[in-house]
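Examining the three-dimensional arrangement
So the chains spell out like this:
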Amino acid sequence: MGDYDPYRLIDDVESLLASHGLTPSRLPGRGGDRLAGAGRLLRGFGLEPRMAPEAAFDLGVPFQGRINQD
């Protein structure tokens, strides 16, 4: 199993679509959709989406001492 940068995949797909005569545009506010789609596609091919080290931490969930026993 390898890994691949999902942002590179997004750029590669955009270039591929343009080479086939399509005009893809990155809609504002839909970056999460692009990233999730790229990640799912990579996993479907048995590859792991490469993440920045800080993205591995779930910082979107507030720390709660009572739940975490700290």
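Residues numbered from 1 in each chain as written. Predicted model: local features only at pLDDT ≥ 70, side-chain atom pairs only at ≥ 80, totals over all residues. Heavy atoms only, no water.

**Description of the environment of Leu 47**
Heads up, the condition is: Put simply, DSSP H or I for four residues or longer makes a helix, DSSP E for two residues or longer makes a strand, and each gets a number counted from the N terminus. Burial classes follow relative accessibility: with a 1.4 Å probe on protein chains only, a residue under 20% of its type's maximum area counts as buried, one over 50% as exposed, and anything between as partly exposed.
In this fold, Leu 47 is placed in the loop between helix H2 (31-44) and strand S2 (48-49). According to the relative accessible area criterion, Leu 47 is partly exposed, its value standing at 27%. In the structure, Leu 47 is positioned 45 residues away from Gly 2 in sequence and 5.1 Å away in space, judged by C-alpha atoms.

**Points about H2**
Defined as follows: Here, expected helix span is obtained from the residue count minus one, scaled by 1.5 Å. To be clear, the arc concerns the directions from the helix axis to the C-beta atoms. Between two residues, a contact is recorded if the distance between any of their heavy atoms is within 4.5 Å.
A rise of 1.5 Å per residue sets the reference length of H2, with its 14 residues, at 20 Å; its end C-alpha atoms lie 20 Å apart and thus fit the reference within 8%. The set of residues buried in H2 consists of Ala 38, Gly 39 and Leu 42. One side of H2 carries all its buried residues, which in axial view fall inside an arc of 100 degrees. More than 90 degrees from the buried face of H2, the exposed residues found are Arg 40 and Gly 44. Packing partners of the buried residues in H2 comprise strand S1 (3-4), helix H1 (6-19) and S2. Looking one or two places after H2, you find Gly 46, whose phi comes out positive at around 80 degrees.

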